[in-house]
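So the chains spell out like this:
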Amino acid sequence: AAKLADAPRSSFHAAEEMGGLLALGLIPFLALYQEVSPEGITTFNRYKVFVRSLLKKAEPRSDAAILAAALAKALADVAFRVRRDANEAIEMLRPAAKKVPESGICLPLAQL
């Protein structure tokens, strides 16, 4: 199990060391990371705070808001897939749906 946990851990650490927003592209892999290591949960929570901050700072219907909404959707998918936590997924999607209703986030929010 330790070797299995090393792959996602090293991928996230390497992406974060490169800086910028590169590591956000790995959000879909947080599901695997959480399944094999408690560090995955910590990383998920850190990314959740970051994405919420992006969404809060973004102007409604702006490109930044659309990007933040897409990241929020990816995090909601991870929360629901790994934890089966519909409430956490809703928490991620609701602000995105309000900020960028045309992003398509309203449908998955309604489905939860």
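Use the structure listed above.
Anyway, here's the lowdown on the structure attached to this text. Please read all numbers here as calculations on a predicted model, not as lab measurements. Sequence order sets the numbering: in each chain, residues are counted from 1 along the sequence as written. Predicted model: local features are reported for residues with pLDDT of at least 70 only, side-chain atom pairs are reported and counted for 80 or more only, and whole-chain, interface and lining totals are derived from all residues. With hydrogens and water set aside, each side-chain value is computed from the structure's full complement of heavy atoms.

### What to know about helix H5 (residues 86-99)
Over its 14 residues, H5 extends 20 Å from the first C-alpha to the last, a length consistent with the 20 Å expected when each residue adds 1.5 Å. Relative accessibility under 20% of the residue-type maximum defines a buried residue, over 50% an exposed one, and the middle range a partly exposed one, all with a 1.4 Å probe and only protein chains included. Strands are runs of DSSP state E lasting at least two residues, helices are runs of H or I lasting at least four, and both sets are numbered from the N terminus onward. Within the span of H5, buried status applies to Glu-88, Ala-89, Ile-90, Met-92, Leu-93, Ala-96, Ala-97 and Lys-99. Any two residues whose heavy atoms approach within 4.5 Å are treated as being in contact. Among the structural elements, helix H3 (38-57), helix H4 (63-83) and helix H6 (106-111) are those in contact with the buried residues of H5. Any pair of nitrogen or oxygen atoms within 3.5 Å is treated as a polar contact; in protein, a donor-acceptor pairing is required on top of that, and neighbouring residues in sequence qualify only through side-chain atoms on both sides. Two or three places before Asn-87, at the opening of H5, Asp-85 has a side-chain oxygen 3.1 Å from that residue's backbone nitrogen. Expected helix span is taken as 1.5 Å per residue step, with the number of steps being one fewer than the number of residues.

### Let's talk about the nonpolar core
It is characteristic of soluble globular proteins that their nonpolar side chains tend to be buried jointly. Residues belong to one nonpolar core when they are buried, are Ala, Val, Leu, Ile, Met, Phe, Trp, Tyr or Cys, and are joined through side-chain atoms within 4.5 Å. Membership of the largest hydrophobic core comes to 26 residues, with the highest contact counts inside it found for Ile-27, Leu-30, Val-51 and Leu-75. Elements with a contribution of two residues or more to this core: helix H2 (30-36), H3, H4 and H5. For this core, the element with the most residues is H4, which contributes nine residues.

### A closer look at the packing of H4 against H5
At a minimum axis distance of 8 Å, the contact between H4 and H5 shows a crossing angle of 165 degrees. One finds that H4 runs roughly antiparallel with respect to H5. The crossing of H4 and H5 is left-handed. Residue-level contacts link Ala-65, Ala-69, Ala-72, Lys-73, Leu-75, Ala-76, Ala-79, Phe-80 and Arg-83 of H4 to Ala-86, Glu-88, Ala-89, Met-92, Leu-93, Ala-96 and Lys-99 of H5. In this classification, Asp, Glu, Lys and Arg are treated as charged, Ala, Val, Leu, Ile, Met, Phe, Trp, Tyr, Cys and Pro as nonpolar, and every other residue, Gly included, as polar. Within the contact of H4 with H5, the residues separate by chemical class into 12 nonpolar, no polar and four charged. Helix axes are fitted to C-alpha atoms over the stretch in contact, other axes to C-alpha atoms as well, and angles between N-to-C directions run from 0 to 180 degrees. Here the word oblique covers every angle except those under 35 degrees (roughly parallel), over 145 (roughly antiparallel) and from 65 to 115 (roughly perpendicular). Here is the rule for handedness: rotate from the far helix to the near one, and if that takes an anticlockwise turn smaller than a right angle the crossing is left-handed, while a clockwise turn gives right-handed.

### Comments concerning the pattern of salt bridges
Salt bridge, as used here: a side-chain nitrogen of Lys or Arg that lies within 4 Å of a carboxyl oxygen of Asp or Glu. In the structure shown here, the tally under the stated rule is five salt bridges. For the salt bridge of Arg-61 with Glu-102, the shortest nitrogen-to-oxygen distance reads 2.9 Å. Of this pair, Arg-61 sits in the loop between H3 and H4 while Glu-102 sits in the loop between H5 and H6, placing them 41 residues apart in sequence. Look at the salt bridges and you will find they share partners, linking Lys-48, Arg-83 and Glu-88 into a network.

### Description of the packing of H3 against H5
Packing of H3 against H5 brings their axes to within 10 Å, and their N-to-C directions diverge by 15 degrees. On the basis of the axis angle, H3 is roughly parallel to H5. As for how H3 packs across H5, the hand of that crossing is left-handed. Residues Phe-44, Asn-45, Lys-48, Val-51, Arg-52, Leu-55 and Lys-56 of H3 pack against Glu-88, Glu-91, Met-92, Pro-95, Ala-96 and Lys-99 of H5.

### Regarding the environment of Lys-99
For Lys-99, the location among the structural elements is in helix H5. We classify Lys-99 as buried; its relative accessible area is 17%. As for Lys-99 and Ala-65, which are separated by 34 residues in sequence, their C-alpha atoms are 6.9 Å apart. Those residues in contact with Lys-99 that lie beyond four places of it in its chain are Leu-55, Lys-56, Ala-58, Glu-59, Pro-60, Arg-61 and Ala-65.

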